[in-house]
Amino acid sequence: MTAATATLAERIRRDFPALDQTVHGRPLVYLDNAATAQKPRAVLDAITGYYAGDCANIHRGIHTLSERATEAYEGARGKAQRFLKAPEAREIIFVRGTTEGINLVAHSFVRPRLKPGDEILITAMEHHSNIVPWQIIAGETGASLRVAPIDDHGELILDRFERMIGPRTKFVSVTQVSNALGTVNPVADMVAMAHARGVPVLVDGAQAAPHRKVDVQALGCDFYAFSGHKVYGPTGVGVLYGKAGLLDAMPPYQGGGDMIRSVTFEKTEFNGLPYKFEAGTPDIAGVIGLGAALDYVGKIGLDNIAAHEGELLRYATDEVLKVPGVRIIGTAPKKEGVLSFVVDGVHPHDVGTILDREGIAVRAGHHCAQPVMARFGIPATARASFAAYNTFEEVDALVRGIRKVKEILG
Amino acid sequence: MTSDVKELYQQLIVDHSKSPRNCRVLEGADASAEGHNPLCGDRVTLFVKLEGDRVKDLSFQGNGCAISTASASLLTEVLKGKTRAEAEALFTSFHDLVTGHGAKDSGPELGKLKVFAGVSEFPVRVKCATLVWHTLRAALARVQQPATDADAAHAR
Ligand SMILES: Cc1ncc(COP(=O)(O)O)c(C=O)c1O
């Protein structure tokens, strides 16, 4: 617990209006960041600024407000490009979130290539949003979904994964960080394994983008998706990165305005990238807010965030394990941001309620990862997840809360 | 503020959640039903044996939080010997209690079930307390009046 990192959290906390409140008479301890992160004032201001000053539709007006809105919107695309280190801005597609990004790739890229007997490979630690879209298209085409196993620590069994990439594998879709376990996957190696067999890869970055520097070129992945709301940005907006060559060859996902070059009733000529995939009026305010969030993260520095959160997670792990009868689910050597745990003899739902009365927000449930829960033979866990603004004192409050749970129900 | 949460987790509730009564499969049940709360993963299977219009015996099995487990356990105790109409009236009173609508004077005496009054301060937990009651209704609906042997086939 160095003074420098403690001051980072303390300094930036003031930027987040929602953190400054009491819940049931206690100061809010917000530890549900993997579900969604709180928003700094810079993001709120950017959204209000658009609505209050530049509110106009984009790409279609020659008037000043429309120009300003378009500039801000396209400016955010540039910020997302730099955030992911994508080669080109047109490789950045604004979507509703990770879920929509994955669905877009499933329907426009993967589905047309599937034949009966083909396989899509995922891992046993995926969020439902990286399972269900593949099940849907597999069901429609006669392809099947294969699942690379994890071990008792929640770590991917990498050689099993590699061996499961076979001649029938048409696509690989894997999470970079598990939202239920915190496991960090070696995605660069996994991409290399898939590419060695000519199989394209999508990386689900929903839980990675808020915590570490992402470089899609270094990862080598073909697609990368993340959600704005987990990176201190607004809800309802996210990013899909795709390699230009692949995106260019893909049919549009949805039809509508903005994604066309010309329309007659006989024929439509589609617009180029990225507009081909952004049909209709997008969440302009959301995209501008996301741009502000990425600026904000850039200003704090992802390396600083990663260092601080790493110390928090280590500290929390040590302290929580000092409470007898507490078991951590997800003990992979490389973890990020997430502490999933169960208290002997106490259902996570009760843990959640008692902590909430102490002002502590955690998530209790299956975290949209029911197969992970099944793998560990539990119905649910309580999950504390960290952000840059969390302090060591908040971890202490969590541990006191868990002791209280034991006092009441232990 | 601490008192709040202890009002929810009354001693009787904690006791029933730790040592649930009638937590087993009921041999020769006339009906069973399964209840599931997808939000938190609570699951309960309720078994009922009827004698004419009366609940002769019940039991449950399940996996859930303290509130849903205690609610199931207490339900199996309280409902034994009650008629369908009495069970329905109890459910209405219980529902009013846990949603904070206050017990109606006309309703039946809730007795031990009053221990769930604290739930009304925890709106997200109402479903935990009522899950087994909805399951009971589903089970009873599966048995025609009067019960016939064929309905035992519904037990699973
Ligand atoms: C690993 C992972 N993938 C995908 C998602 C889905 O993100 P969204 O709901 O923002 O589309 C989440 C959100 O919890 C997640 O944690």
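Residues numbered from 1 in each chain as written. Chains lettered and ligands numbered in written order. Predicted model: local features only at pLDDT ≥ 70, side-chain atom pairs only at ≥ 80, totals over all residues. Heavy atoms only, no water.

Some remarks on the environment of Ser120 of chain B
Residue and element names in this part refer to chain B. Note the threshold: Helical segments are the DSSP runs of H or I of at least four residues, strand segments are the runs of E of at least two, and each set is numbered from the N terminus. Contacts: residue pairs with any heavy atoms within 4.5 Å of one another.
If you trace the backbone, Ser120 turns up in the loop between helix H4 (84-98) and helix H5 (126-141). Along the chain, Ser120 and Ser59 lie 61 residues apart, while their C-alpha atoms are 26 Å from each other. With sequence-adjacent residues up to four places away left out, Ser120 is seen in contact with Leu97, Val98, Thr99 and Gly100.

Some words on the pairing of strand E11 (residues 260-263) of chain A
All names here are of chain A. Where we set the bar: Any two strands are treated as partners once DSSP identifies two or more bridges connecting them.
Pairing geometry for E11 and strand E12 (residues 268-270), over three bridges, is antiparallel. Looking across to E12, one finds that Ile260 is bridged to Phe270. Joining the antiparallel neighbours E11 and E12 is a turn of four residues.

Some details on the site of the ligand
Residue and element names in this part refer to chain A. Rule in force here: Put simply, a residue is near a molecule or strand once any heavy atom of it comes within 4 Å of that molecule or strand. As used in this structure description, the phrase polar contact means that two N or O atoms lie within 3.5 Å; if the pair is within protein, one of them must be able to donate a hydrogen and the other to accept it, and residues adjacent in sequence are counted only when both atoms belong to side chains. Note on areas: Shrake-Rupley with a 1.4 Å probe; residue coverage comes only from the protein chains shown. Residues are grouped as follows: nonpolar covers Ala, Val, Leu, Ile, Met, Phe, Trp, Tyr, Cys and Pro; charged covers Asp, Glu, Lys and Arg; every other residue, Gly included, is treated as polar.
Around the ligand lies a shell of 13 residues, among which Thr99, Asp204, Gln207, Ser227 and Lys230 are the nearest. At a separation of 3.4 Å, an oxygen atom of the ligand approaches a polar backbone atom of Thr98. Measuring from an oxygen atom of the ligand, one finds a side-chain N or O atom of Thr99 at 2.5 Å. Contact with the protein chains removes 85% of the 390 Å² of surface that the ligand exposes when unbound. For the shell around the ligand, a count of residues per class yields one nonpolar, ten polar and two charged.

Some points on the domain arrangement of chain A
All names here are of chain A. The test is simple: Domain segmentation is taken from an automatic or database assignment of domains. Buried area, as used here, totals the accessible surface that two parts lose on assembly, with accessibility defined by a 1.4 Å probe and the loss added over both.
In terms of domains, chain A is made up of domain 1 (3-30 + 301-409) and domain 2 (44-299). Domain 1 and domain 2 are separated by 28 Å when their C-alpha centres are compared. With 35 residues of domain 1 at the interface, the matching set in domain 2 holds 34 residues. When the two sides are added together, the surface that domain 1 and domain 2 hide from each other amounts to roughly 2700 Å², 56% of it contributed by carbon and sulfur. On the domain 1 side of the contact with domain 2, Leu302, Glu336 and Arg375 bury the most area, a combined 25% of that side's loss.

Examining the interface of chain A and chain B
As a reminder of what qualifies: We define a salt bridge as a side-chain nitrogen of Lys or Arg found within 4 Å of a carboxyl oxygen belonging to Asp or Glu.
Each partner contributes to the interface: chain A provides 18 residues, whereas chain B provides 21 residues. Both sides together, the interface formed by chain A and chain B hides about 1700 Å², and carbon and sulfur atoms give 57% of it. Taken as a group, His349, Arg357 and Ile408 of chain A account for 34% of the area that chain A buries against chain B, more than any other trio of residues on that side. One can count two salt bridges joining chain A with chain B. The closest approach of N and O atoms between Arg125 of chain B and Asp350 of chain A, which form a salt bridge, is 2.8 Å. The interface formed by chain A and chain B holds eight residue pairs in polar contact (both at pLDDT 80 or more) in total. Looking at the side of chain A that touches chain B, the elements that each hand over two or more residues are helix H12 (348-357) and helix H14 (392-409) of chain A. Examining the composition of the side of chain A that touches chain B, we find that five residues originate from one element, H12 of chain A, more than from any other. For the side of chain A that touches chain B, the class distribution of residues is four nonpolar, eight polar and six charged.

Quick look at the pattern of salt bridges
Short version of the rule: Relative accessibility under 20% of the residue-type maximum defines a buried residue, over 50% an exposed one, and the middle range a partly exposed one, all with a 1.4 Å probe and only protein chains included.
Under the counting rule described, the total for this entry stands at 34 salt bridges over all chains. The partner of Lys170 of chain A in a salt bridge is Asp118 of chain A, and the shortest N-O contact between them spans 3.0 Å. One end of the pair, Lys170 of chain A, is in strand E7 (residues 169-175); the other, Asp118 of chain A, is in the loop between helix H4 (98-110) and strand E5 (119-123), and 52 residues separate them in sequence. Judged by its relative accessible area of 25%, Lys170 of chain A falls in the partly exposed class. For Asp118 of chain A, a relative accessible area of 5% corresponds to the buried category. When the shortest N-O distance is used, the salt bridge between Asp15 of chain B and Arg21 of chain B registers 2.7 Å. You can call Asp15 of chain B partly exposed: its relative accessible area is 30%. Put simply, Asp15, Arg21, Glu77 and Lys112 of chain B are held in one network by salt bridges that share partners.

Description of the packing of H4 of chain B against H5 of chain B
All names here are of chain B. What counts, and what does not: Structural elements are reduced to axes, namely lines fitted to C-alpha atoms, with helices fitted over the stretch in contact, and the angle between N-to-C directions of any two is expressed from 0 to 180 degrees. Should an angle fall under 35 degrees it is taken as roughly parallel, and over 145 as roughly antiparallel, whereas 65 to 115 is taken as roughly perpendicular and any remaining angle as oblique. Note on convention: the crossing is left-handed when the near helix lies turned anticlockwise from the far helix by less than a right angle, right-handed when the turn is clockwise.
Taken N-terminus to C-terminus, the directions of H4 and H5 make an angle of 165°; their axes are 11 Å apart at the nearest point. Put simply, H4 runs roughly antiparallel to H5. Handedness of the crossing formed by H4 with H5: left-handed. Here Arg84, Ala87, Glu88, Leu90, Phe91, Phe94, His95 and Val98 of H4 lie close against H5, whose contacting residues are Val126, Ala129, Thr130, Trp133, His134, Leu136, Arg137 and Leu140. When the residues that make up the contact of H4 with H5 are grouped by side-chain class, the tally is ten nonpolar, three polar and three charged.

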